[in-house]
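# Chains, contacts and geometry: an overview
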Amino acid sequence: MRLPSLYFVAMFLIGSTLVSANFYDEFDITWGDGRGKIINGDLLTLSLDKTSGSGFESRNEYMYGKIDMQLKLVPGNSAGTVTAYYLSSKGSNWDEIDFEFLGNLSGDPYTLHTNVFSQGKGNREQQFHLWFDPTADFHTYSILWNPKHIVFSVDGTPIREFKNAESIGVPFPKDQPMRIHSSLWNADDWATRGGLVKTDWTQAPFTASYRNFKAEACVVTSGKSSCASSGNNPPWLSEDLDNTKQERLRWAQKNYMIYNYCSDSKRFPQGFPPECNMA
Ligand SMILES: *[C@@H]1O[C@H](CO)[C@@H](O)[C@H](O)[C@H]1NC(C)=O
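From a predicted model like this one, the values you see are computed outputs, not experimental measurements.

## A closer look at the UniProt feature "active site" (unreviewed entry) in the protein
Under the feature "active site" (unreviewed entry), the UniProt entry names Glu96 and Glu100. Here glutamate 96 shows up in strand β7 (residues 96-102). Not counting chain neighbours up to four residues away, the residues in contact with glutamate 96 comprise Tyr86, Leu87, Ser88, Asn115, Val116, Phe117 and Met178. Within the local environment of glutamate 96, its side chain forms a polar contact with the side chain of tryptophan 94, the two groups lying 2.8 Å apart. With respect to the helices, strands and loops of the structure, glutamate 100 is situated in strand β7. Looking at glutamate 100, the relative accessible area reads 13%, which means it is buried. The contacts of glutamate 100, once residues within four sequence positions are left out, are Val82, Thr83, Ala84, Thr111, Leu112, His113 and Trp190.

Quick look at the structure:
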């Protein structure tokens, strides 16, 4: 019997919340042949060299949550590398909520690429530059996923809101539990300046670090959600963006968004996807 599971059962009975968990209990390094490491339970590192990248995933499957992770990205010349941090379900009609950090030459900005897949369909990219150097220090990247919307935040500032638009026929991720996944890999065929800048392998190994994982979430075990059985609705499950957050969102989008599928008219000559026309 594993102690952590007992701990979770206890936590979920009293309110479907887990807080600041130990990396050993939460995540498995799933690939990379030793290139992914958990250190003392509170730091996780992934690395990439010419032979392989690496990755990890959560042991739990979640169905809604408010999930924070601090990341410190590959420093220096990270061109060609991609650090992906995302929630994803399984199967051919999968749901996915993506943060992808596209590396760059030293001194050139990272691109934070975001996407939302529902039932196997994505094509909802928004990209950003950041207002700080994401390689100099740890910063918090958060996903709020509840029945109303999906909110991507950086250090508490919302940068993107994907609203539930089921009422106008847009599938919303709400029927499939998702795991947290992350990987560091080589994507120099497209990542930096559309593939023009290649990975400089003399700089390898490339390393990204993770710490301070914090999740309030509904965990699904054998088809049952911890939130269904807890009987009390945690506040984040119906959390909206208050006025201050909406203002921050507008600030981030106005100043740091570099691509929005909802304004790429060349790509959608027949008209934008329906969710683009929501207020
Ligand atoms: C890399 O830097 C260039 C030049 O500033 C910028 O246009 C681009 O968005 C940056 N990011 C990527 C992933 O190419």
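## Re the confidence of the model for the protein
Taken residue by residue, the protein gives an average pLDDT of 92. The fraction at 70 or more is 91%. Low confidence marks residues 1-15, where pLDDT is under 50. Its contacts with residues over four positions away, or in another chain, come to 21 contacts.

## Here's the deal with the pairing of strand β11 (residues 149-154)
Of all six residues that make up β11, six are buried, and the element is covered over most of its length. Of the two faces of β11, the one carrying His149, Val151 and Ser153 and the one carrying Ile150, Phe152 and Val154 are both buried. The pairing of strand β10 (residues 139-145) with β11 spans five bridges and is antiparallel. Directly across from isoleucine 143, in β11, lies its bridge partner phenylalanine 152. The hairpin turn running from β10 into β11, its antiparallel successor, is three residues long. Relative to strand β12 (residues 157-163), β11 is paired through six bridges, and the arrangement is antiparallel.

## Things to note about the packing of aromatic side chains
Enumeration according to the criterion identifies 20 aromatic pairs in this entry. Their ring planes at 20° and their centres at 6.3 Å tell us that tyrosine 85 and phenylalanine 99 sit as a pair that is stacked. Residue tyrosine 85 is found in strand β6 (residues 81-88), and its partner phenylalanine 99 is found in strand β7; the two are separated by 14 residues along the sequence. Assessed through its relative accessible area of 2%, tyrosine 85 is described here as buried. Using a relative accessible area of 0% as the deciding quantity, one classes phenylalanine 99 as buried.

## Some points on the nonpolar core
Grouped together as the largest cluster of nonpolar side chains are 62 residues, with contacts concentrated most on Met69, Phe99, Trp145, Ile150, Tyr210 and Phe213. When residues in this core are grouped by element, the largest group, nine residues, is from strand β14 (residues 206-221). Excluding residues that lie within four positions of it along the chain, tyrosine 210 makes contacts with Phe23, Asp42, Leu43, Leu44, Leu46, Phe56, Met69, Gln70, Leu71, Thr83, Phe138 and Ser182.

## Thoughts on the site of the ligand
Taken together, Leu102, Gly103, Asn104, Asp108, Pro109, Thr111, His129, Ala191, Thr192 and Arg193 form the complete shell of residues around the ligand. Take proline 109: an N or O atom from its main chain is 3.3 Å from a nitrogen atom of the ligand. Arginine 193 places a main-chain nitrogen or oxygen 2.9 Å from an oxygen atom of the ligand. Here the ligand has 360 Å² of accessible area as a free molecule, and 74% of this is covered by the chains. Class assignment for the residues of the shell around the ligand results in three nonpolar, five polar and two charged.

## Section: the state of the cysteines
Applying the stated criterion to the full structure yields two disulfides. Linked covalently through their sulfurs, cysteine 218 and cysteine 227 form a disulfide whose S-S length is 1.9 Å. The disulfide joining cysteine 218 to cysteine 227 has a torsion of about -85° about its S-S bond and is therefore left-handed. Each member of the pair cysteine 218 and cysteine 227 is classed as buried. Cysteine 262 shares a disulfide with cysteine 276; S-S distance 1.9 Å. Sign of the S-S torsion, about -75° for the bond between cysteine 262 and cysteine 276, identifies this disulfide as left-handed. Of the two residues, cysteine 262 is situated in the segment after β16 (257-260) and cysteine 276 in the segment after β16; the sequence distance between them amounts to 14 residues. Each member of the pair, cysteine 262 together with cysteine 276, is buried. Each bonded cysteine of the protein is numbered by sequence order, and under that numbering the disulfide pairs are 1-2, 3-4.

Rules behind the numbers
- Residues numbered from 1 in each chain as written.
- Predicted model: local features only at pLDDT ≥ 70, side-chain atom pairs only at ≥ 80, totals over all residues.
- Heavy atoms only, no water.
- UniProt positions renumbered as here; feature names shortened; annotations may be inferred.
- Helix = DSSP H or I, 4+ residues; strand = E, 2+ residues; numbered from the N terminus.
- Contact = heavy atoms within 4.5 Å.
- Polar contact = N/O pair within 3.5 Å; in protein donor to acceptor, adjacent residues only side chain to side chain.
- Buried < 20%, exposed > 50% of the residue type's maximum accessible area, 1.4 Å probe, protein only.
- pLDDT = per-residue confidence, 0-100.
- Pairing = 2+ DSSP bridges.
- Phe/Tyr/Trp six-rings, centres within 6.5 Å; stacked < 30°, edge-to-face > 60°.
- Core = buried A, V, L, I, M, F, W, Y, C linked by side-chain atoms within 4.5 Å.
- Near = heavy atom within 4 Å.
- Areas by Shrake-Rupley, 256 points an atom, 1.4 Å probe, with all protein chains shown as cover.
- Nonpolar A, V, L, I, M, F, W, Y, C, P; charged D, E, K, R; others polar.
- Disulfide = S-S within 2.5 Å.

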